[in-house]
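In case you want the letters, here they are:
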Amino acid sequence: MYMQSPPVNSLSLDFLTEFCINLEKLEMDKSCRGLIVTSSQPKVFSAGLDIMEMYGKSPEHCGEFWRAVQEMWLKMYSSNMATIAAINGSSPAGGCLMSMTCDYRIMADNPRYSIGLNETQLGIVAPFWFKDTIINTVGHRTAEMALELGLLFSPSEALKIGLVDQVVPEDQVLTTATQAMTKWLAVPDHARQITKSLMRKPTLDKLTSSREADIQNFVSFITKDSIQKSLRVYLEMLKKRKG
Ligand code: CO8
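Heads up: these notes are all about the structure in this document.

Turning next to the pairing of strand β5 (residues 104–108). Where burial is concerned, most of β5 is hidden: 5 out of the 5 residues are buried. By the alternation rule, side chains of β5 split into Y104, I106 and A108 and R105 and M107, which are all buried. With 4 bridges connecting them, strand β3 (residues 82–87) and β5 associate as parallel partners. In the sheet register, A85 faces β5, and the bridge partner there is R105.

Turning next to the layout of surface pockets. Of the volumes computed, that of the largest pocket is approximately 1,600 Å³. If you trace the largest pocket, you find 48 residues lining it, with V8, A47, I51, Y234 and L238 closest to the centre. Only α4 (128–138), α9 (211–222) and α10 (225–242) provide two or more residues apiece to the lining of the largest pocket. Counting residues per element, the lining of the largest pocket draws most heavily on α10, which supplies 7 residues. Partitioned by chemical class, the residues of the lining of the largest pocket number 29 nonpolar, 11 polar and 8 charged.

It is worth spelling out the nonpolar core at this point. One finds F19 and M72 to be the most contacted residues of the largest nonpolar core, which totals 73 residues. With 10 residues, the top contributor of residues to this core is helix α2 (residues 59–77). When residues no more than four places from it in sequence are discounted, the contact partners of F19 are M1, M3, V37, M72, M76 and M98.

Cut-offs and rules
- Residues numbered from 1 in each chain as written.
- Predicted model: local features only at pLDDT ≥ 70, side-chain atom pairs only at ≥ 80, totals over all residues.
- Heavy atoms only, no water.
- Buried < 20%, exposed > 50% of the residue type's maximum accessible area, 1.4 Å probe, protein only.
- Helix = DSSP H or I, 4+ residues; strand = E, 2+ residues; numbered from the N terminus.
- Pairing = 2+ DSSP bridges.
- 1 Å grid on protein atoms, 1.4 Å probe; cavity = no way out; pocket = protein on both sides within 12 Å on 5 of 7 lines; lining within 4 Å.
- Points joined across faces, edges and corners; volume = space filled by probe spheres on them.
- Nonpolar A, V, L, I, M, F, W, Y, C, P; charged D, E, K, R; others polar.
- Core = buried A, V, L, I, M, F, W, Y, C linked by side-chain atoms within 4.5 Å.
- Contact = heavy atoms within 4.5 Å.

The structure is reproduced here in structure tokens:
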């Protein structure tokens, strides 16, 4: 699946809705056993959640948006398909989350690209299921430090802490992903799927059983004046950096 939402594949409500519809189609297609997610945008895998969906929006809109973010995570993290993220560009915050929902991550070896959960740098807090996902990926201590400091890692640093599984030259990301997929698909589907569920179900169940409360938490947090101010400052910084 190629993500194609210029300029930076930010995860807007529309984008997430379409992403989930396509994912569901593939999930129901019994002939599709594996999914490689990549970006057709140069330099960026995904810039994470679309900040404009959280800035200056009504509580109702924020709630609808957050439900779509939850849905993407739930569908990806529980997918029956073998999933590989071919990370051919930067992947901050929600982009990092999306890649962590996959079974395997391959990143382009370009020191200008970065990946990580940088939420605290924006003055916002990654919710418990973002935290659980990164703990499941890199372990508790590394996750704690990465989350508190809002660290973005270069590909080689990400490889070192296990945030990605392989770093390869930029032009080999997709071919390497295809080779890796062969390995994942060599395992009988039912055995791989049940094992994946054993590993991930407790984490998935936590959100499934508290979706509404999580939406309420998000809405009351993100609509606070102080948080809106942090988002404004961050957006201005993004524009300034560009200039
Ligand atoms: N949302 C909306 N717009 C964005 C975003 C975004 N996440 N990222 C970039 N843009 C915009 C820029 O403002 C710019 O807009 P314009 O053209 O109008 O000036 C345009 O996209 C292009 O951006 P850049 O010029 O910066 O593009 P580059 O190729 O130079 O850089 C990067 C690409 C590295 C992706 C860079 O844009 C970047 O660092 N973006 C910010 C990434 C980020 O911090 N995302 C965090 C989003 S929050 C999240 O995902 C989890 C939130 C959890 C919520 C918890 C609350 C309780």
